[in-house]
Amino acid sequence: MPESGDDFDIVDRYDSIEDPGLRSQFLDDMGTTRPYINGLRRRRDAERKATKAAPKPDESTTSACSGEPRRRTPRTPRRPRVVVTRPPNRGRGQRSYPRARLRVVFIVILKLD
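Bear in mind the structure is a predicted one, so any value in this text is a computation, not a measurement.

**Some words on the pattern of salt bridges**
Between side chains of opposite charge, a pair can form as their charged atoms come close.
Thinking step 1. With the rule as written, the count across this model stands at four salt bridges.
Thinking step 2. Two residues, Arg13 and Asp9, come together in a salt bridge whose shortest N-O distance is 3.7 Å. With a gap of four residues between them, Arg13 and Asp9 both fall in helix H1 (residues 7-16), about one helical turn apart.
Thinking step 3. Since its relative accessible area comes to 41%, Asp9 is described here as partly exposed.
Thinking step 4. Residue Asp45 is joined to Arg44 by a salt bridge in which the shortest nitrogen-to-oxygen separation is 3.4 Å.
Thinking step 5. You can call Asp45 partly exposed: its relative accessible area is 39%.
Thinking step 6. For Arg44, a relative accessible area of 9% puts it in the buried group.
Thinking step 7. Salt bridges sharing partners connect three or more residues here, namely Asp12, Arg44 and Asp45.

Parameters and conventions
Residues numbered from 1 in each chain as written. Predicted model: local features only at pLDDT ≥ 70, side-chain atom pairs only at ≥ 80, totals over all residues. Heavy atoms only, no water. Salt bridge = Lys/Arg side-chain N within 4 Å of Asp/Glu carboxyl O. Helix = DSSP H or I, 4+ residues; strand = E, 2+ residues; numbered from the N terminus. Buried < 20%, exposed > 50% of the residue type's maximum accessible area, 1.4 Å probe, protein only.

Below you can see the structure in the form of structure tokens.
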């Protein structure tokens with residue numbers, strides 16, 4: 001694989017080739033693959049986007065040490081809040097014993113004459 005210093009130059013040269021046969025030959029000569037070139041292209045675009053979005057040092061008007069205490073941003077809850085529609089399954093308490101089975105006894109009295 002090529003060195004990291006000339007990665008984006010390789011992408012530019014690859015993009016400038018219009019013939020698919022020459023592109024394949026270029027990849028073979030450079031010892032790289034199309035997915036690697038696509039990854040480099042994404043990295044290059046992300047770096048360009050980040051440099052455009054980053055503020056320049058001259059634009060910052062506030063100083064880092066203005067004497068005011070820093071405000072903490074509130075933490076997000078660890079668990080998302082959920083609307084409960086029924087009680088949990090273990091609603092009987094922590095020391096719950098198994099329920100005794102209800103026993104039904106039938107007594108039948110037959111009178112024979």
